[in-house]
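So you can see what is in the structure, the chains are spelled out below.
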Amino acid sequence: MIKKWLSSTIDNSGLVIFRILLGLLIMAEGFGAILLGWVEAVFVKSKFTFNFIGFDFLQFLHGEKMYSYFFVMGILGLLIALGLFYRFAMIVFTIKWTAVYLIQKESYNNHYYFLILICVIMVFLPANGKLSIDAKLFPKIKQTKIPRWMPYLLIFQLAILYFYAAIAKLYPDWLDGTFSKILLNGITQRQFLLEIFNQKWFLLFYAYAGILFDLLIMPALLWKKTRKLAILASFGFHLFNAYSLKIGIFPFLALSFIVLLYDSIPLKFLKNEQEISPNKNFNTKLFVVFFVPFFIVQIILP
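Since this is a predicted model, take the numbers as computed values, not measurements. (Residues numbered from 1 in each chain as written. Predicted model: local features only at pLDDT ≥ 70, side-chain atom pairs only at ≥ 80, totals over all residues. Heavy atoms only, no water.)

### With respect to the packing of helix α6 (residues 110-124) against helix α15 (residues 284-300)
Here comes step 1: The contact between α6 and α15 brings their axes to 12 Å, and the two run at 170°. Taken together, the axes of α6 and α15 are roughly antiparallel relative to one another. Taken together, the residues of α15 that come into contact with α6 (itself represented by Y113, L117, V120, I121 and F124) are F287, F290, F291, F294, F295 and Q298.
Here comes step 2: Tallied by class, the residues present in the contact of α6 with α15 amount to ten nonpolar, one polar and no charged. (Axes fitted to C-alpha atoms, helices over the stretch in contact; angles between N-to-C directions. Helix = DSSP H or I, 4+ residues; strand = E, 2+ residues; numbered from the N terminus. Parallel < 35°, antiparallel > 145°, perpendicular 65-115°, else oblique. Contact = heavy atoms within 4.5 Å. Nonpolar A, V, L, I, M, F, W, Y, C, P; charged D, E, K, R; others polar.)

### Brief notes about the environment of G177
Here comes step 1: Inspection of the secondary structure assignment puts G177 in the loop between α9 (172-175) and α10 (178-184).
Here comes step 2: In this structure G177 comes out as buried when scored by relative accessible area, which is 2%.
Here comes step 3: The sequence separation of G177 and F205 amounts to 28 residues, and the corresponding C-alpha distance is 8.3 Å.
Here comes step 4: Not counting the four nearest positions on each side in its chain, G177 is found in contact with L203 and L204. (Buried < 20%, exposed > 50% of the residue type's maximum accessible area, 1.4 Å probe, protein only.)

### Concerning the environment of F257
Here comes step 1: Among the structural elements, F257 can be located in the loop between α14 (250-256) and α15.
Here comes step 2: Along the primary structure F257 and L21 are separated by 236 residues, whereas in three dimensions their C-alpha atoms are 9.5 Å apart.
Here comes step 3: In this structure, F257 is in contact with F18, F114, I118, L154 and L158, ignoring residues within four places of it in sequence.

### A closer look at the packing of aromatic side chains
Here comes step 1: A complete count under the given rule lists 34 aromatic pairs for this structure.
Here comes step 2: Measuring from ring centre to ring centre gives 5.3 Å for W5 and Y152, while their planes differ by 70°; the resulting arrangement is edge-to-face. Here the residue W5 occupies a position in helix α1 (residues 2-7), and Y152 occupies one in helix α8 (residues 149-168), the gap between them amounting to 147 residues.
Here comes step 3: Among the residues examined, W5 registers a relative accessible area of 40% and is labelled partly exposed.
Here comes step 4: With a relative accessible area of 21%, Y152 lands in the partly exposed category. (Phe/Tyr/Trp six-rings, centres within 6.5 Å; stacked < 30°, edge-to-face > 60°.)

The structure is reproduced here in structure tokens:
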């Protein structure tokens, strides 16, 4: 039953829109890192970076050349959004972003690692089947349908993230509100908000709401009866985090996954004159051979 459901075909609009949103967020990450001074602080003004063990050879990624490096990543994001040389752009960005992740630990963010995982999955998916320049240049890749399991690769990866985010919060400083106070400290100068953020009840509410959100949001999004409420909760949670925690593109990336939950998206510009079945050239066995161990590793070593 589950195998038949996953192998059934659905409209590819969700995956296509996700590709566009991902590309725009990658572009924002690349150009934003330059404009907001992150590249200057981490790679230009510093004398060296603290790379992961075994990746000393990446120390050449240092100095003013990193302006160009991130500019190219911004351009790659634009190519992904436009669907121009999509797979090439996706592969190159994944390599470049992985190198950035491995070269420095002083600005570590687990969301950087999550972006690598999502990009690896997207390399394999035909997200340029429509609404892409590739589909116009190479008509053979056009398609309006994909197997249902393809977007669920991305959804499953997000579910792993949320689950372990909840597990990671189960320690004393989070459970008693201590870490909540640290997170919320200094995000505003408004007296009204400061008084609320310093209340013990609010710190505990923030802490336990975070745990419950991480545990329940994916089941709530997947179940149609609770999906609308879960979407509202997602916007509230992630937009608050975007404002308060300043964690880059992740809140918006997490919200982008919502488009993958729908089998079809009734927007006029997504409608096609004729349906085009999934490309039969892709090797399903290759997906199994790669992604089964891929997700086993994510579950065992999140």
